[in-house]
Amino acid sequence: MGLESSDMSCFISDFVQKYGGYAVVDGGFATELERHGANLNDPLWSAKCLISSPHLVRRVHLDYLDAGANIILTASYQATIQGFEAKGLATEEAESLLRRSVEIACEAREIYYDNCTKGSWDLVENGNTTRRPVLVAASIGSYGAYLADGSEYSGDYGDAVTLQKLKDFHRRRLQILAEAGADLIAFETIPNKLEAKAYAELLEEEAINIPAWFSFNSKDGINVVSGDSILECASIADSCRQVAAVGINCTPPRFIHGLILSIRKKSSGVSDEDFVSYIGKWHEAGASLFGGCCRTTPNTIRAISGVLSNKSSSPFKS
């Protein structure tokens, strides 16, 4: 799917408004793979399953679709050409695995549609029944995720990591994922302003023709984890024509309401019950995309779907 600039800028808002004012994103991926038996003790983390257990990747996607997700993210958060090459794969094999991450998610969407019983999670519009819309978002984790040293949670990459180095690292990966059939690109767990700028410049330089979202992480409710201002980071995203949404992930839920309000002015160990209790407040603050992150499960997503359907006139019912 390719969109003109004006279309990309309102892609997410149009999607959520057409289908009830909100959309539900999937939740934690690695923990679900482990629950299905995967061993992720590897620098590739969940991306390891693209090599060894693609059927488990498909299974997790389906679990989240069954739980009510409207947007599923590919298993490419920690999938990089450099990381695959470090495991001994050829460049061509690495690029193929990136494409495969999108293909598996798209396959899961089609399987879900084929298995849906009539009337289950369907949208009734003008008397006609259609399928509940599902988008596939190609996940891109930060440079720190590739390093597998926790630096995506500090944003401290050292002086040797420059803007150009980050662009060189991400460029080919972005090109492949953008051309693989996903509906949008999801830049996740962005820890600093430098990487946000690298992503924004790459989207422009490569003339990426599908929309993207930027999702930052914070540990104080004011700044991103590096200490850079969330407002400055959001401003970088807002200046890029391909960026259709800005959000927060891998952040204590108690901070998210304030961060949403801050972003809107400018442009983890909680239980499912604790996490879901925040959803209404975030919705009222102006958020329209809701999902999970580390350690959340399909049960979390099912509960989020239920809360939102009860608060909305949306035709989707859990």
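Calculation rules
- Each chain carries its own residue numbering, running from 1 in the written order of its sequence.
- Totals for whole chains, interfaces and linings use all residues, but because this is a predicted model, local features are given only for residues with pLDDT of at least 70 and pairs of side-chain atoms are given and counted only at 80 or more.
- With hydrogens and water excluded, all non-hydrogen atoms of the structure serve as input to the side-chain values.
- Note on definitions: salt bridges are taken to be side-chain nitrogens of Lys or Arg within 4 Å of carboxyl oxygens of Asp or Glu.
- The numbering of helices and of strands both runs from the N terminus, where a helix is a DSSP run of H or I of at least 4 residues and a strand a run of E of at least 2.
- When a residue's accessible area, from a 1.4 Å probe over protein chains only, is under 20% of the maximum for its type it is buried; when over 50% it is exposed; and in between it is partly exposed.
- A pair of strands counts as paired when DSSP detects no fewer than two bridges linking them.
- Between N-to-C directions, angles span 0 to 180 degrees; the directions come from axes that are lines fitted to C-alpha atoms, helices contributing only their stretch in contact.
- A crossover gets the label right-handed when its path from the first strand over the helix to the second runs clockwise, viewed with the strands pointing away from the viewer.

Looking now at the pattern of salt bridges. Scanning the model with the defined rule gives 17 salt bridges in all. Among the ionic pairs, Arg58 bridges to Glu107, the shortest N-O distance being 3.0 Å. Placement of Arg58 in helix 5 (residues 54–66) and of Glu107 in helix 7 (residues 91–115) is noted, with a sequence separation of 49 residues between them. Across the salt bridge formed by Arg100 and Glu107, the nearest N and O atoms sit 2.8 Å from each other. The class for Arg100 is partly exposed, based on a relative accessible area of 25%. By relative accessible area, which is 28% here, Glu107 ends up partly exposed. Among the charged side chains, a network of salt bridges with common partners joins Glu32, Arg35, Arg59, Asp63 and Asp66.

Bringing the sheet that holds strand 8 (residues 243–248) into the picture now. Spatially, 2-5-6-7-8 is the arrangement adopted by the five strands of the open sheet, whose pairing is parallel. Since the sheet does not close on itself, it has two edges, and those belong to strand 2 (71–73) and strand 8, each with one partner. Each strand of the sheet is rotated relative to its neighbour by a mean of 25 degrees, with strand direction disregarded. In the sheet, strand 7 (residues 212–216) pairs with strand 8 via five bridges, with the strands oriented parallel. Bridge pairing in strand 8 places Phe214 opposite Val246.

The next subject is the pairing of strand 6 (residues 184–190). Among the seven residues that make up strand 6, seven are buried, leaving the element largely enclosed by the rest of the structure. Sheet analysis places strand 5 (residues 135–140) next to strand 6, joined by four bridges and oriented parallel. Across the sheet, the residue bridging to Ala138 is Ile185, located in strand 6. Sheet analysis places strand 6 next to strand 7, joined by four bridges and oriented parallel. Across the sheet, Ile190 pairs through a bridge with Phe216, a residue of strand 7. Following the backbone out of strand 6, through helix 10 (residues 193–205) and into the adjacent parallel strand 7, one traces a crossover that is right-handed.

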